[in-house]
Amino acid sequence: MLTALLQSMEGFSVRLYEKRQEYTRTRMVQLAPYLVADSVESYGADSIDGDSVAAIFDPVELNQGLAFRQSIAPDLSALLKSWVVGFCPLNSIERSLSDLIDARGLNGVERTAAVVTAEEAMAMLRPGDVLIDCTGSRSLLRDHLVPGSDEVDEGANTLKVRLEYALVITFLYGQPYDCNQYCKYYKNIENPHYKFIPMVHRTHYDGSVSHVTGIINISAEDFEAMPSRFDGEWLRGSFPGVAQSMDRFIDMIKQETQGEILGDLEILRIPLDLYRARNATNRQFLIADPSNHPFAESSVFLAGDSAIGSPYFQSISLGLECAMFLAGLLAQRDLPLRDMLDRYELYIYKQWLRVYMRSKMIKHNKDLFESIDDPLALLEKLHIY
Ligand SMILES: Cc1cc2nc3c(=O)[nH]c(=O)nc-3n(C[C@H](O)[C@H](O)[C@H](O)COP(=O)(O)OP(=O)(O)OC[C@H]3O[C@@H](n4cnc5c(N)ncnc54)[C@H](O)[C@@H]3O)c2cc1C
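Cut-offs used in this document
- Residues numbered from 1 in each chain as written.
- Predicted model: local features only at pLDDT ≥ 70, side-chain atom pairs only at ≥ 80, totals over all residues.
- Heavy atoms only, no water.
- Near = heavy atom within 4 Å.
- Polar contact = N/O pair within 3.5 Å; in protein donor to acceptor, adjacent residues only side chain to side chain.
- Helix = DSSP H or I, 4+ residues; strand = E, 2+ residues; numbered from the N terminus.
- Nonpolar A, V, L, I, M, F, W, Y, C, P; charged D, E, K, R; others polar.
- Core = buried A, V, L, I, M, F, W, Y, C linked by side-chain atoms within 4.5 Å.
- Buried < 20%, exposed > 50% of the residue type's maximum accessible area, 1.4 Å probe, protein only.
- Contact = heavy atoms within 4.5 Å.
- Phe/Tyr/Trp six-rings, centres within 6.5 Å; stacked < 30°, edge-to-face > 60°.

Once that is clear, we can look at the site of the ligand. The environment of the ligand is formed by 22 residues, the closest being E18, R20, R25, R27 and I316. R27 places a polar side-chain atom, nitrogen or oxygen, 2.6 Å from an oxygen atom of the ligand. Between the ligand and the protein, one listed contact pairs a nitrogen atom with a backbone N or O atom of V116 at 2.8 Å. When residues of the shell around the ligand are assigned to their parent elements, the largest contribution, 3 residues, is made by helix α13 (residues 315-330). Classifying every residue of the shell around the ligand by side-chain character gives 9 nonpolar, 7 polar and 6 charged.

Let's shift gears to the nonpolar core. Among the nonpolar cores identified, the biggest contains 75 residues, and M1, L5, W83, F295 and Y344 are the most heavily contacted of them. Broken down by element, this core gets its largest block of residues, 9 residues, from α13. Discounting chain neighbours no more than four positions away, the residues touching M1 are L76, L80, L97, L320, A323 and M324. Grouped together as the second largest cluster of nonpolar side chains are 26 residues, Y177, I216, I253 and I267 included.

A complete count under the given rule lists 13 aromatic pairs for this structure. Ring centres of Y165 and F223 lie 4.5 Å apart, and the angle between their planes is 40 degrees; this geometry places the pair in the tilted category. Taken together, the residues span a long stretch of sequence, with Y165 in strand β6 (residues 158-173) and F223 in helix α9 (residues 220-225) at a distance of 58 residues. A relative accessible area of 9% places F223 in the buried class. Taken together, F57, F325 and Y347 form an aromatic cluster joined through their ring pairs.

What follows is the structure in structure tokens.
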């Protein structure tokens, strides 16, 4: 995304390193409508954290973000708009961005298929270069952004909050199907434990096919006893209690809408973590005593999952949002380096606040929902003063 944004701006030459030859991940993903918002009202129109947006961001900065969005090249803007319509295959986002960069004739972009190490990235850096680490949750450079000993401490620059362990169960359903909070309640009424909490949306290519991704909270012990990826049969044989909850929910969808599941169930077990880089730039190297470290004379930014990660279908939107902000900053060629780093740090921190509060709210609501039929347990979980 950053390459595509910078490619269409004057005065940048981009070297893009990517270790994968092909985009093969099969998961479907949901993007937030705020990515294509055209007004401050539509940007903040979110039932969970609309108020937080107004509390965290100044109107001026929201308007600047919207103005930048409006200036995005039409080919890229059209892609963004197509991705926010329903669930979209992650690999089609990756491929269409990659194809767009190539179709533009690679002006100013040099692409290399290679694994880059942290040492190689540092060795390539020349004074004045901009290095952007978009290497995902296991970021190449995140823990290198704190000056100090040459020994890199894993987690030295990472704040992590584990929210829960979950099964993520995904399937396509051959009928239009929608689900509100009442539906989540009634379809789980016979599930005292392992409630199936769905995220439902049409698929982006076909309004009559629904994509359902359900999350079931599991214990740390369940998590340890499961392989990382499996199918419905394995779950039914190995964890019948969890499978019954899932099957009851699916049977009720079928009774209601007379449809069938298309293909197999795909099940992953994952920890749902919220994390952020305490430093999302090399700012500390510029504050520290002068040194000949490559990070002392250039600018380094973390973007995407490398900077912030969150569960509940939010991270890609957050990453794209930060990419747009960063491209807008880099476009201001007369902005002093320190100001640029400070502004990016502040912006990332604000996005972190937003996603932290949003995720905690979702988790809290999920916890209440788990106890909805047990008033005493429910009361235990309410924080009233
Ligand atoms: C089950 C599941 C469902 C999800 N659903 C959603 C959803 O619905 N909505 C949502 O917003 N998010 C979702 N997410 C999160 C989303 O997939 C990630 O936030 C997103 O992929 C992060 O994008 P990224 O570009 O920052 O990192 P990545 O997608 O991880 O990309 C990193 C890239 O860097 C390359 N790379 C890494 N190291 C190197 C190296 N050393 N040298 C060269 N190249 C390197 C990799 O090959 C890769 O292409 C989901 C995640 C999971 C696990």
